[in-house]
Amino acid sequence: MPVHLQKELERLKKRILSLGAMVEERVRMAARALEQRDPVTAEQIIATDYEIDELEVEVEEECLKILALHQPVAVDLRFLTAVVKINKDLERIGDEAVNIADCVAVISRKTPLDVSLGFGPMAEKAQSMFKKSLDALVNLDLDEAFRVLTLDDEVDQIYRSISHQVKDMIRRTPDRVECLINLLMISRYLERIADHATNIAEEVVYMIEGEIIRHGKWDQPEA
């Protein structure tokens, strides 16, 4: 590999990991804001979303520049195409954190509902999946990437449970519909964070193995 290309790829990797760390922090803040019904933290997430957007654009531009100038092949080309997709998933996870923050800003002004819907475990699992996907990316760890894929069904199950509960509560307490709709939306945004973490893990597998495993077409590596 030409030395100049190697340096640019290393710089690109550092940028995508910086974006990942920034997004991970926003997701942690969103989970904390949700748990504490904290509108101040929610507003911080919303106000700083532009930082993620700007870095996402920088990463994409860097990918396109390397592709145009160096015309990489094989492993380097796989790395770049995977980074383009991971970059977009990271930006969308940042958007989901903002969406959660928007909902928290609404429900923080309402009388709390005397009900436990399981947001804590769902947020923890979504965050864990996201962290594992980033760890898989940092270390090019195939096993960790596959662990992310096996966790997605758990988050989906919690989402379905919360969705059923909230819809039932809307029927029984229509006077609380605004708050309940926001809770339903939060569960959807958490589920989407898990989906994007899954996408990142799939791209890590592609980066390492050169195999596209979307749409459930994957097998865990042999021990």
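Residues numbered from 1 in each chain as written. Predicted model: local features only at pLDDT ≥ 70, side-chain atom pairs only at ≥ 80, totals over all residues. Heavy atoms only, no water.

*Asks:* Requested: an account of helix 1 (residues 3-36), with residues and values cited.
*Replies:* Taking 1.5 Å as the rise per residue, helix 1 with 34 residues should run 50 Å; its terminal C-alpha atoms sit 50 Å apart, in good agreement. Remark: Arg-37 follows helix 1 within two positions and exhibits a positive phi of approximately 50°. (Helix = DSSP H or I, 4+ residues; strand = E, 2+ residues; numbered from the N terminus. Expected span 1.5 Å × (residues − 1).)

*Asks:* Can you tell me about the packing of helix 1 against helix 5 (residues 119-139), naming the residues and giving the values?
*Replies:* Two numbers describe how helix 1 lies on helix 5: the axes approach to 11 Å, and their chain directions differ by 170°. In terms of their interaxial angle, helix 1 and helix 5 are classed as roughly antiparallel. Here Lys-13, Leu-17, Gly-20, Val-23, Glu-24, Val-27, Arg-28, Ala-31 and Leu-34 of helix 1 come into contact with helix 5, specifically with Phe-119, Ala-123, Gln-127, Phe-130, Lys-131, Leu-134, Leu-137 and Val-138. (Axes fitted to C-alpha atoms, helices over the stretch in contact; angles between N-to-C directions. Parallel < 35°, antiparallel > 145°, perpendicular 65-115°, else oblique. Contact = heavy atoms within 4.5 Å.)

*Asks:* How would you summarise helix 5 if you had to cite specific residues and measurements?
*Replies:* Taking 1.5 Å as the rise per residue, helix 5 with 21 residues should run 30 Å; its terminal C-alpha atoms sit 30 Å apart, in good agreement. The inward-facing, buried residues of helix 5 abut helix 1, helix 4 (74-107), helix 6 (142-172) and helix 7 (177-209).

*Asks:* Tell me what's going on with unusual backbone geometry, and back it up with residues and numbers.
*Replies:* Note on backbone geometry: most residues besides glycine have negative phi, and most peptide bonds are trans. Phi is positive for Arg-37, which is not a glycine, with a value near 50°. Tracing the sequence through the fold places Arg-37 in the loop between helix 1 and helix 2 (39-47). On the accessibility criterion, Arg-37 (26% relative accessible area) is partly exposed. The phi dihedral of Ala-74 is positive, around 55°, even though this residue is not glycine. By the element assignment, Ala-74 lies in helix 4. For Ala-74, a relative accessible area of 52% gives the class exposed. (Buried < 20%, exposed > 50% of the residue type's maximum accessible area, 1.4 Å probe, protein only.)

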